Amino acid sequence: MTTHSNTPAGWYPDPHGAAQTLRYWDGSRWTDHTHAEQAQAQAQPVAQAQPQPQVPAQPAGPDPRVQRQVQQQAGVAAGGPGGGTLFSEPVLVVNQKAKLIELTNEYKVMDQQGGQLGSVVQVGQSALRKVVRFFAGIDQFLTHKLEIRDAHGQPVLLLTRPAKFLKSRVLVTRPDGQQVGEIVQQNVFGKINFAMNANGQQVGAIRAENWRAWNFAIVDHAGNEVARITKTWEGLAKTLFTTADNYVLQIHYQLPEPLLSLTVATALTVDTALKQDSRGLG
């Protein structure tokens, strides 16, 4: 496994040669975070078999609904396949699970053909927190914690949005606790803008293209657009009766770290950073 700085963050075979062990590469170096690649077959014949990470069943062919969402609704031209991971695909399709009552944020992340790449799950909610979320409209002001997981269900990024009043701030870390950076809201009125900061410096920015903050351009430190987030309409029934929100992220070219991880984190936390109080038609 090469340790080139352009290698995306993720789980890889241990470079030190440890048998059946995956080690986490954070985009710039190997970390101390490891886990078993697979259970030792027949090591203990009588012991109960340990469950292994399962890759979601992929569709037999391209999903026409996802293709329509990408090409017709988001206006992204059909392209060739990417690297097959959250950090190597040029297009990510982020669809929130439709719920009449939203007590836990959950998102499915797919490639442009509908193959599942991972998921985003809200974690750390107590029963009391869910009761408050059901009966009161103050959820947007509370602390949110989410895990971005790969196709095997393994966390690759951890996101924390501390309790907010007017402006949002999202902290992005690796599973081993190493800080990637933060996404900080810059203004309250007008078109919302965010700064993406890492190691005390701004490495990029997120610029809303309208006051409803549906669509965003992501730029690097020099102001050049490197990616784009487009909200896609989920349909009249879902818009009126559920909390589902759908987005398409288009990354224009392979980005360096930490800009790549912050861009992926941004696309998967749009609703958490900019919690909408009312439903709109996109």
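Everything here concerns the structure above.
Since we're looking at a predicted model, the values are computed, not measured.

**Student:** What is the right way to read the pattern of salt bridges from this model?
**Tutor:** Pairing between side chains of opposite charge can happen when the charged atoms of each approach one another. With the rule as written, the count across this model stands at 6 salt bridges. Its salt-bridge partner being Arg 149, residue Glu 147 comes within 2.8 Å of it at the nearest N-O pair. Here Glu 147 falls in the buried class, since its relative accessible area comes to 18%. We note a salt bridge from Arg 169 to Glu 182, for which the minimum N-O separation is 3.7 Å. Residue Arg 169 is found in strand β9 (residues 169–173), and its partner Glu 182 is found in strand β10 (residues 179–185); the two are separated by 13 residues along the sequence. Using a relative accessible area of 21% as the deciding quantity, one classes Glu 182 as partly exposed. Taken together, the shared-partner salt bridges in this structure form one network comprising Glu 209, Glu 225 and Arg 228.

**Student:** Help me understand helix α4 (residues 259–268) in this model?
**Tutor:** Within an α-helix, residues lying three or four positions from one another point in the same direction, as the helix has 3.6 residues per turn. With 10 of 10 residues buried, α4 is to be regarded as a mostly interior element. Among the residues making up α4, those that are buried are Leu 259, Leu 260, Ser 261, Leu 262, Thr 263, Val 264, Ala 265, Thr 266, Ala 267 and Leu 268.

**Student:** How do you make sense of the sheet that holds strand β1 (residues 10–13) when you look at a structure like this?
**Tutor:** Strands belonging to one sheet form pairs held by backbone hydrogen bonds; the direction of such a pair is parallel or antiparallel. Pairing within the open sheet is antiparallel, and its 3 strands lie in the order β1-β2-β3. Both outer strands of the open sheet, β1 and β3 (30–36), are each paired with one neighbouring strand and no more. Geometrically, the sheet is characterised by an average inter-axis angle of 35° between neighbouring strands, direction not taken into account. One ladder, built from 4 bridges, connects strand β2 (residues 21–25) with β3; its direction is antiparallel. Looking at β3, one finds that Thr 21 is bridged to Ala 36.

**Student:** Could you clarify how one ought to interpret the sheet that holds strand β13 (residues 216–220) in this entry?
**Tutor:** The strand order around the closed barrel formed by 12 strands is β4-β5-β6-β7-β8-β9-β10-β11-β12-β13-β14-β15, and the pairing between neighbours is antiparallel. The sheet shows a mean angle of 20° between the axes of neighbouring strands, taken without regard to direction. The pairing of strand β6 (residues 116–122) with strand β7 (residues 144–150) spans 5 bridges and is antiparallel. Considered in β7, the bridge of Gly 118 is made with Asp 150. Contacting β4 (91–96), β5 (106–110), β14 (225–232) and β15 (246–251), helix α1 (residues 64–73) runs over the sheet at an angle of about 115° to β4. Taken strand by strand, α4 contacts β4, β5, β6, β7, β8 (155–161), β9, β10, β11 (193–198), β12 (201–208), β13, β14 and β15, and its axis lies near 50° from that of β10.

Thresholds, definitions, all that
- Residues numbered from 1 in each chain as written.
- Predicted model: local features only at pLDDT ≥ 70, side-chain atom pairs only at ≥ 80, totals over all residues.
- Heavy atoms only, no water.
- Salt bridge = Lys/Arg side-chain N within 4 Å of Asp/Glu carboxyl O.
- Buried < 20%, exposed > 50% of the residue type's maximum accessible area, 1.4 Å probe, protein only.
- Helix = DSSP H or I, 4+ residues; strand = E, 2+ residues; numbered from the N terminus.
- Pairing = 2+ DSSP bridges.
- Axes fitted to C-alpha atoms, helices over the stretch in contact; angles between N-to-C directions.
- Contact = heavy atoms within 4.5 Å.

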